[in-house]
Amino acid sequence: MPDAVTPSVPRGEFDFQHRPQTDQSFENALEKARTGDRLTVDDGIELLTTGTDRPGIDRARKERVLEAADRRRAEVVGEEVTFVANLNNNVTTACNTGCLFCNFKDRSEQFRTSYQDDHDGFTKTPAESREIVAGAAERGIYEVTSVSGLHPAFALDDDHREILETSERGDLNYRPPAEYETDPGNYVGQIEAMSVDGVHVHSMTPEEAYHARRGTDWSYEEVFRRLQAAGLDSVPGTAAEILSDEVRNVICPGKIDSGEWLEAMEAAATVGLDTTATIMYGHVENEAHRALHLDRIRDLQDRTGAITEFVPLSFVHQETPLFERGMVDTGATVHEDELMIAVSRLYLDNVEHIQSSWVKYGDAQGLKMLTCGADDFMGTILSEEITKRAGGGFGECRSVREYADMITAIGRVPVERSTDYEHRRRVDPAADTLGPRLGPQADGTPLVPEN
């Protein structure tokens, strides 16, 4: 077995200002991580690369980083592994943003009544969203997560639509609902529809919030206040990708920049909404960008204290424009995945929970991440469309029984949680039947039939 492995980082292919070079040493960075000192960006780079003094990822050094992170995890959150009973209800795939890492969206022109060919996209009306969430609520979910494409007909509410309808600007990416086969309603209407029977609504990314204020002088605070009044409970910190504009200019030039993302997240916290935060890595960025991203998330948490969990998302490259155009050959290696989880735990000293995504990593590697610093194992989700459409193949649903068996198998304690982690219930893996109990209609009935 070789002592070092080659990472997938495309170091020489893009003319980035930020590069993984430091005056720090790996040993100094690791010692700071072990003692709990606050890490610097250079420390993060050293840990993510396992040392800039040698090529490749050093396996022995990597194991030392993972060990330090797992120890920190045990100190911070103990032996519990949490999960939430939830549903994904993505409203529409219509989007013109053109992100090169994404295969979830479909060109919005395909949804217009004048378009004659077939396509695989979808748009749900508020009534359809309500029916879907109501059905899942009866099965015991606690949370609905909703992240959607930027449909041109989407407005925040009736006030916003009136502004868009009367605007003479041509850069607002707006067309009236009548031009489309299906009217998605507006953001407030969709949130009201999904806020059914006490289910927690986790929705409206910074990118969607930007779309919901286009053409106005409204602040992000105003947008989130209106959404909160409609039933929004917390905000997913997706659309972060990499918080470095030189990377964003390559992979998602049509999206908001990193400063706008941070502004929106801070605004959500200001009006009293909890948030999560993510990183989507393993494409064109390098370890310096990853460390800078962690630094900006930590600074945001210092200011807001609103981030309940951090979610590293490993780029799924198949069937994405980045891969199809030859800009990347693959995603992150397993070694990079493990180091990303571990360094997230060590760097984000003010974020209590680090999530392992079984959708991105699969079951076996997802469980391994729980020994690399992660303590949360995502959610039941019941439906997962974004990763699947990018070529992911690790399933769409997870039962409480599966969670109990898998978490117990690695010697940890399975715990059902609320979105904000404030409500928890230890799951007894020896019970005859296992289902969620924290949701407003949950009574322990399994989400999916047990064999």
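Residues numbered from 1 in each chain as written. Predicted model: local features only at pLDDT ≥ 70, side-chain atom pairs only at ≥ 80, totals over all residues. Heavy atoms only, no water.

1. A word on the nonpolar core
Generally speaking, nonpolar side chains in soluble globular proteins are found buried as a group. For the record, the criterion: Working definition of a nonpolar core: buried Ala, Val, Leu, Ile, Met, Phe, Trp, Tyr and Cys residues. They are joined through side-chain atoms within 4.5 Å. Using a 1.4 Å probe on the protein chains alone, a residue whose accessible area is under 20% of its type maximum counts as buried, one over 50% counts as exposed, and one in between counts as partly exposed. Working definition: helices are DSSP H or I runs of at least four residues, strands are E runs of at least two. Numbering for both runs from the N terminus. Every residue pair with non-hydrogen atoms within 4.5 Å of one another is taken to be in contact.
Of all hydrophobic cores here, the largest spans 120 residues; its most connected members are Leu47, Phe224, Leu227 and Trp261. In terms of residue count, helix H13 (residues 334-347) provides more of this core than any other element does, seven residues in total. With sequence-adjacent residues up to four places away left out, Phe224 is seen in contact with Met204, Ala209, Leu232, Val235, Ala264, Ala267, Ala268, Val271 and Leu273.

2. Describing the confidence of the model for the protein chain
Cut-off, in case you're wondering: On a scale of 0 to 100, pLDDT captures the predictor's confidence in every residue.
The predicted model of the protein chain averages 92 in pLDDT, with 95% of residues at 70 or higher. Note that residues 384-395 has pLDDT below 50 and, in this model, 39 contacts with residues that lie over four places away or in other chains.

3. Focus on H13
What counts is decided by this rule: Any helix carries an expected span of 1.5 Å times its number of residues minus one.
Between its first and last C-alpha, H13 extends 20 Å over 14 residues, near the 20 Å set by a 1.5 Å rise per residue. Where burial is concerned, most of H13 is hidden: 13 out of the 14 residues are buried.

4. With respect to the pairing of strand E5 (residues 143-146)
Here is the rule we go by: DSSP bridges decide pairing: two strands pair if at least two such bridges lie between them.
Neither face of E5 is exposed, since Glu143 and Thr145 on one face and Val144 and Ser146 on the opposite face are all buried. Note: strand E4 (residues 86-88) against E5, three bridges, orientation parallel. By the bridge assignment for E5, Asn86 is matched with Glu143. Strand direction decides the pairing type here: E5 and strand E6 (residues 200-203), joined by four bridges, are parallel. Bridge pairing in E6 links Glu143 to His200.

5. Comments concerning the pairing of strand E9 (residues 307-314)
The criterion, for reference: Seen with its strands pointing away from the viewer, a crossover is right-handed if its path from the first strand over the helix to the second goes clockwise.
For E9, the tally of buried residues reaches eight of eight residues, placing the bulk of the element in the interior. Two elements, strand E8 (residues 274-281) and E9, share six bridges in a ladder whose sense is parallel. Bridge pairing in E9 places Thr278 opposite Val311. The handedness of the E8 to E9 crossover, carried by helix H11 (residues 287-304), is right-handed. Both E9 and strand E10 (residues 353-354) contribute to a ladder of two bridges, which runs parallel. Bridge assignment links Glu309 to a residue of E10, and that residue is His353.

6. Let's talk about the sheet that holds strand E11 (residues 376-379)
Which entries qualify depends on this criterion: Each axis is a line fitted through C-alpha atoms, taken for helices only over the stretch in contact, and angles between the N-to-C directions span 0 to 180 degrees.
Read from one edge to the other, the open sheet built from four strands follows the order E11-E3-E12-E13, with strand pairing classed as mixed. Two strands close off the open sheet at either side, each with one partner strand: E11 and strand E13 (424-426). Put simply, the sheet's adjacent strands are angled 25 degrees from each other on average, direction ignored. As defined by bridge partners, strand E12 (residues 413-417) adjoins E13 across three bridges and the pair is classed as antiparallel. For Arg417, the partnering residue across the bridge sits in E13 and is Arg424.

7. Notes on the packing of aromatic side chains
We count it as follows: Only Phe, Tyr and Trp rings take part, Trp by its six-membered ring, and two of them pair if their centres are within 6.5 Å. Stacked means planes under 30 degrees apart, edge-to-face means over 60, and tilted covers everything else. Any Lys NZ or Arg CZ that is within 6 Å of a ring centre and within 35 degrees of that ring's normal is treated as a charge sitting over the ring.
Counted according to the given criterion, the structure contains four aromatic pairs. Ring centres of Phe14 and Phe16 lie 5.6 Å apart, and the angle between their planes is 20 degrees; on these two criteria the pair is classed as stacked. Pairing Phe83 with Tyr403 gives two aromatic rings, centres 4.2 Å apart and planes at 10 degrees, and the pair type is stacked. Remark: Tyr403 occurs in helix H17 (residues 400-409) and Phe83 occurs in strand E3 (residues 80-84); sequence separation between them is 320 residues. Just as Phe83 is buried, Tyr403 falls in that class too. Linked through ring pairs, Phe83, Phe377 and Tyr403 together constitute an aromatic cluster. Sitting above the plane of the Trp218 ring, Arg226 keeps its charged end 4.3 Å from the centroid. A cation over an aromatic ring shows up here: Arg398 above the ring of Trp358, its NZ or CZ 4.6 Å from the ring centre.

8. A closer look at the packing of H11 against H13
Heads up, the condition is: Here the angle decides the label: under 35 degrees means roughly parallel, over 145 means roughly antiparallel, 65 to 115 means roughly perpendicular, and every other value means oblique. Working rule for handedness: look at the near helix, and if it is turned counterclockwise from the far one by less than a right angle, call the crossing left-handed; if clockwise, right-handed. Gly falls in the polar group here, along with every residue not listed as nonpolar (Ala, Val, Leu, Ile, Met, Phe, Trp, Tyr, Cys, Pro) or charged (Asp, Glu, Lys, Arg).
Where H11 contacts H13, the two axes come as close as 11 Å, and the packing angle between them is 30 degrees. The angle between H11 and H13 falls in the class roughly parallel. For the crossing formed where H11 meets H13, the hand is right-handed. On the side of H11, the interface is formed by Arg290, Ala291, Leu294, Asp295 and Arg298, while H13 contributes Glu336, Met340, Val343, Ser344 and Tyr347. For the contact of H11 with H13, the per-class residue count stands at five nonpolar, one polar and four charged.

9. Quick notes on unusual backbone geometry
Here Asn173, not a glycine, exhibits a phi torsion of approximately 50 degrees, which is positive. You can see Asn173 is positioned in the loop between helix H5 (158-166) and helix H6 (187-194). The backbone of Met378 sits at a positive phi, close to 70 degrees, despite the residue not being glycine.

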